[in-house]
Amino acid sequence: MNTDCVFCRIVAGELPTTVVRETETTLAFRDLDPKAPVHVLVIPKEHHADVAALALADPALAGDVLATAAEVAEAEGLRPDGFRLMFNTGRYGGQEVFHAHAHVLGGAPLGPMLAR
């Protein structure tokens with residue numbers, strides 16, 4: 001656990017959140033500042049700075065994150081109309097919390113992927 005990391009503190013139970021799904025290795029919870037009607041974050045419980053670091057260090061755990069994201073999309077009813085699964089990586093990629101996490105977004109048309 002990284003004590004300076006907000007997501008590590010959520011995993012440790014130090015900060016409240018609305019949990020959507022939890023597995024042995026992952027945690028999915030509602031985003032506090034949602035960008036779509038459904039906006040759930042899926043994180044590995046183990047700290048990795050970003051998805052690239054996670055994939056290199058533990059490909060199986062990266063797969064667990066993807067599987068949990070798919071389960072969240074199914075449980076939230078997003079599969080029939082579609083959803084967006086997004087990882088922001090690094091400063092230029094828009095990453096704000098440096099703990100690997102996927103955004104599961106849906107529930108309405110999301111528009112173009114990048115705004116100019």
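Check the entry above for the structure.
Residues numbered from 1 in each chain as written. Predicted model: local features only at pLDDT ≥ 70, side-chain atom pairs only at ≥ 80, totals over all residues. Heavy atoms only, no water.

Trainee: Help me get a handle on the layout of surface pockets, residues and values and all.
Mentor: By volume, the largest pocket is sized at about 600 Å³. Forming the boundary of the largest pocket are 27 residues, of which Asp31, Asp33, His39, Leu41 and His103 lie nearest the centre. Looking at the lining of the largest pocket, the elements that each hand over two or more residues are helix H1 (6–11), strand S2 (26–30), strand S3 (38–44), strand S4 (83–86) and strand S5 (102–106). With three residues, H1 is the single largest residue contributor to the lining of the largest pocket. A breakdown of the residues in the lining of the largest pocket according to their chemical character gives 14 nonpolar, seven polar and six charged. (1 Å grid on protein atoms, 1.4 Å probe; cavity = no way out; pocket = protein on both sides within 12 Å on 5 of 7 lines; lining within 4 Å. Points joined across faces, edges and corners; volume = space filled by probe spheres on them. Helix = DSSP H or I, 4+ residues; strand = E, 2+ residues; numbered from the N terminus. Nonpolar A, V, L, I, M, F, W, Y, C, P; charged D, E, K, R; others polar.)

Trainee: Residues and numbers for the sheet that holds S3, please.
Mentor: Taken in spatial order, the five strands of this open sheet run S1-S2-S3-S5-S4, and their pairing is antiparallel. With partners counted over all chains shown, the strands left at the sheet margins are strand S1 (19–22) and S4, one partner each. On average, adjacent strands in this sheet sit at an angle of 20° to one another, irrespective of strand direction. As paired elements, S2 and S3 share five bridges and run antiparallel to each other. Its bridge partner lying in S3, Ala28 is registered against Val42. Strands S1, S2, S3, S4 and S5 of the sheet are contacted by helix H3 (residues 59–75), whose axis makes an angle of about 155° with S3. (Pairing = 2+ DSSP bridges. Axes fitted to C-alpha atoms, helices over the stretch in contact; angles between N-to-C directions. Contact = heavy atoms within 4.5 Å.)

Trainee: I'd love a proper account of the pairing of S5, names of residues and values included.
Mentor: The buried fraction of S5 is high, at five of five residues. What you see with S5 is no split at all: Ala102, Val104 and Gly106 on one side and His103 and Leu105 on the other are buried throughout. As paired elements, S3 and S5 share five bridges and run antiparallel to each other. Looking across to S5, one finds that Val38 is bridged to Gly106. Here four bridges tie S4 to S5, and the two strands are oriented antiparallel to one another. (Buried < 20%, exposed > 50% of the residue type's maximum accessible area, 1.4 Å probe, protein only.)

Trainee: Requested: an account of the nonpolar core, with residues and values cited.
Mentor: If you look at the biggest cluster of nonpolar residues, it comprises 15 residues, and the most contacted ones within it are Val40, Val42, Leu54, Val72 and Val104. Looking at this core element by element, the count peaks at six residues for H3. Ignoring any residue separated from it by four or fewer positions in sequence, one finds Val104 in contact with Val38, His39, Val40, Val42, Ala69, Val72, Ala73, Leu78, Phe83, Arg84 and Leu85. Ranked by size, the runner-up nonpolar core spans eight residues in total, among them Cys5, Phe7, Ile10 and Phe29. (Core = buried A, V, L, I, M, F, W, Y, C linked by side-chain atoms within 4.5 Å.)

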